[in-house]
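Residues per chain are reported as follows:
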Amino acid sequence: MMSLCSTLAMGLSNSVLSEEDLQCSICLDVFTDPVTTPCGHNFCMVCLKECWDSSSLCQCPDCKEEFSKRPEMHVNAFISAMAAQFKKSFQVESNSTADLLLSKMVLCDSCTENKQEALRSCLDCGVSYCHPHLLPHSTTAKLRKHKLIDPVENLEDYICQKHERPLELFCRDDQKYVCQFCTEGDHITHTTVPIETEIKEKKTELREMQANVQIMIKERMNKIYELKNSVELNQKTTEKEKADSMEVFSSLVRCIERSQAELLQVLEEKQEAAERQAEEFIKELQQEITELKRRDTELEQLSHTEDHIHLLQMYPSLCSPPHTKDWTDITINTHLSVETLRRALSQLQETLREEMEELGETELKRIQQFAVDVTLDPDTAHPDLFLSDNGKQVTYGDIRQNLPDNPERFDHSLSVLGKEGFSSGRFYYEVQVRRKTKWVLGVAGNTSKRKGDIIISPEDGYWTVCQRKKNEYEALESPCVSLSLKQAPQKVGVFVDYEEGLVSFYDIEARSHIYSFTGQSFTEKLYPLFTPCLSTGGKNTAPLIICPVNDVRS
């Protein structure tokens, strides 16, 4: 009975099976003794062993999953059978190609019957010879001088049609084969070399081209691996962000449901209180009704008595009104007071604020992983700005420096850019603004205006927020957007997602979001922008300081 692996391998031989499906991502060749890691990826046994031997970590070369102990690998019989079948199919195809080439063999022109395969072609004779007929060319002195080549069908293409001589030379000016007589005529002034020399150089160039092509293939295979790995990492990040988002929204929903339940409880308690009050009022009214009915009966009897002395005796006690309550303005409060609803909403708002603070802290932790090392670029700094030796601080100075007016330097705006530009991905950095009363922070495009008056807006290649004066903050949009901050930021975080078209600002100490430019279309490099602004009257003299990024709890 045929084995399962053999049956599957035979079935696969008739399916659409490419080399890439059976390719080891380490050696980029069809599997040899394939093994499978615990995480489900496949490699050649030797490739995986060499990979693990050359590293201190035992991890999957594809998904980077680490193994505490090196797994014991065994050849995967199923994949091995598929790889063997693929190699066999490839070999059959190669053999078919070779058979096709053999069917086009060159036959000897001198044989009269049962023509033999030609061994060589003679350019001087213009004839192809088998081994017996070629012998005179090795024994006769005159024939030994003839030019012999590997047998070819189109022998006339190797002979000059004008001079009927072998094409032994190559004209580099006309890029064509020529004979010796051609170099004495039409090609007398041209550069010619022996065909062997030209072929040798061309083969060298071909080998170089092939090497370059192979490098390009490997680069693209590596890029495929990189992209696949990137997709897998993004998938893991997306799953985590989805889980975090679900947790946040679930928490918010729980807060709203809890507030709703508390409000309903208050309403029910008010209803119960109203019912109790109504029962007490009804009981009291029933008692008064009983007393009034008794008084009514007494008055009825007294009004019909014939005993005048009795009437006069009883009248004083009955003429005074009975002791009852004035019920005119007494009501039951059956509606929800505005104050009750306001208190419930206020409590919900406070709870949501606490949740938003926790969300801000989570968001900061997430974006801080994209922190980059930013250094100020002195070639862009306005002449009135002074940079620290380490390129991390910028201060406005009263003395203008004599600096070259290069195209990238600001000459009116008191600004300086970071050295590092970014044209893809995400990046994040933090700037201390403590003790400053005016500043501008953000990013600028590579081609944004540097000379003269500058309009700072996204349309002009600037995405920034600023402090105008004490407790006045703005996002420099078109028009500007006033920002309401609970406290003055001491340290500002700037985050950019290039592909997402996002520039966001954060108050690090408050762990809160300040503002975001969204839906932008970036097409050029973006550079961090720092503007410390003027210092007058001893105010706003503190520097802007690029800070190392720490955990928000530190």
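Keep in mind the model is a prediction, meaning the values are calculated, not measured. (Residues numbered from 1 in each chain as written. Predicted model: local features only at pLDDT ≥ 70, side-chain atom pairs only at ≥ 80, totals over all residues. Heavy atoms only, no water.)

Asker: Whenever I open this one, empty space enclosed by the protein confuses me. Can you help?
Answerer: A water-sized probe, rolled over the atoms, reveals where empty space remains. This structure, assessed with the given rule, holds one cavity of 30 Å³ or more. Around the largest cavity, the lining residues are Trp439, Val465, Cys466, Tyr473, Leu483, Leu485, Pro489 and Ile514. Across the lining of the largest cavity, the residue classes break down as eight nonpolar, no polar and no charged. (1 Å grid on protein atoms, 1.4 Å probe; cavity = no way out; pocket = protein on both sides within 12 Å on 5 of 7 lines; lining within 4 Å. Points joined across faces, edges and corners; volume = space filled by probe spheres on them. Nonpolar A, V, L, I, M, F, W, Y, C, P; charged D, E, K, R; others polar.)

Asker: Please explain the sheet that holds strand E19 (residues 512-517) as it appears in this structure.
Answerer: Read across the sheet, seven strands follow the order E9-E10-E21-E12-E17-E18-E19 without closing on themselves; strand pairing throughout is antiparallel. Where the open sheet ends on each side, the last strands, each with one partner, are strand E9 (385-387) and E19. When the angles between neighbouring strand axes are averaged without regard to direction, this sheet yields 20°. Both strand E12 (residues 426-432) and strand E17 (residues 491-497) contribute to a ladder of seven bridges, which runs antiparallel. If you follow Tyr428 over to E17, its bridge partner there is Phe495. (Pairing = 2+ DSSP bridges. Helix = DSSP H or I, 4+ residues; strand = E, 2+ residues; numbered from the N terminus. Axes fitted to C-alpha atoms, helices over the stretch in contact; angles between N-to-C directions.)

Asker: Sorry, what's going on with the layout of surface pockets here?
Answerer: In this structure, the largest pocket encloses a volume near 780 Å³. Along the walls of the largest pocket sit 23 residues, with Thr237, Glu241, Ser245, Arg366 and Arg426 positioned nearest its centre. Counting residues per element, the ones that place at least two in the lining of the largest pocket are helix H7 (195-303) and helix H9 (338-367). Among the residues forming the lining of the largest pocket, the class breakdown is six nonpolar, seven polar and ten charged.

Asker: Explain unusual backbone geometry here, please?
Answerer: Leaving glycine out, the prevailing phi sign among residues is negative, and the prevailing peptide bond configuration is trans. Along the chain, Ser478 connects to Pro479 via a cis peptide bond; the corresponding omega equals 0°. Structurally, the position occupied by Pro479 is in the loop between strand E15 (472-475) and strand E16 (481-483). Phi at Asp33 is positive, roughly 50°, even though this residue is not glycine. Residue classification places Asp33 among the partly exposed residues on the basis of a relative accessible area of 41%. (Buried < 20%, exposed > 50% of the residue type's maximum accessible area, 1.4 Å probe, protein only.)

Asker: I keep staring at the nonpolar core and nothing clicks. Help me out?
Answerer: In globular proteins that are soluble, nonpolar side chains generally tend to be buried together. With 35 residues, the main nonpolar core has Tyr429, Trp439, Leu441, Val503, Phe505, Phe530 and Leu544 as its most contacted residues. Not counting residues up to four positions away in its chain, the partners in contact with Trp439 are Val433, Val465, Cys466, Gln467, Tyr473, Val492, Thr531, Cys533 and Leu544. In this structure, Phe31, Val35, Phe43 and Phe67 belong to the second largest nonpolar core, which totals 19 residues. (Core = buried A, V, L, I, M, F, W, Y, C linked by side-chain atoms within 4.5 Å. Contact = heavy atoms within 4.5 Å.)

Asker: Explanation requested: the pattern of salt bridges in the structure shown.
Answerer: Going through the model one piece at a time under the given rule, you end up with 21 salt bridges. One salt-bridge network, held together by shared partners, links Arg172, Glu198, Glu201 and Lys202. (Salt bridge = Lys/Arg side-chain N within 4 Å of Asp/Glu carboxyl O.)

Asker: Is there a simple way to explain the pairing of E12 in this structure?
Answerer: Consecutive residues of a regular strand have side chains that alternate between opposite faces of the sheet. Burial analysis of E12 places six of its seven residues in the buried class, the great majority of the element. Sheet topology places E12 next to strand E21 (residues 544-547); three bridges connect them, and they run antiparallel. Pairing of Val431 across the sheet is with Ile546, part of E21.

Asker: I would appreciate a short explanation of the sheet that holds strand E3 (residues 120-122) in the present structure.
Answerer: Each strand in a sheet pairs with another by means of backbone hydrogen bonds, the pair being arranged parallel or else antiparallel. Reading across from one edge, E4-E3-E5 is the order of the three strands in this open sheet, with antiparallel pairing throughout. The open sheet has two edge strands, strand E4 (127-129) and strand E5 (148-149), and neither has a second partner. Across three bridges, the pairing between E3 and E4 is antiparallel. Across the sheet, Arg120 pairs through a bridge with Tyr129, a residue of E4.

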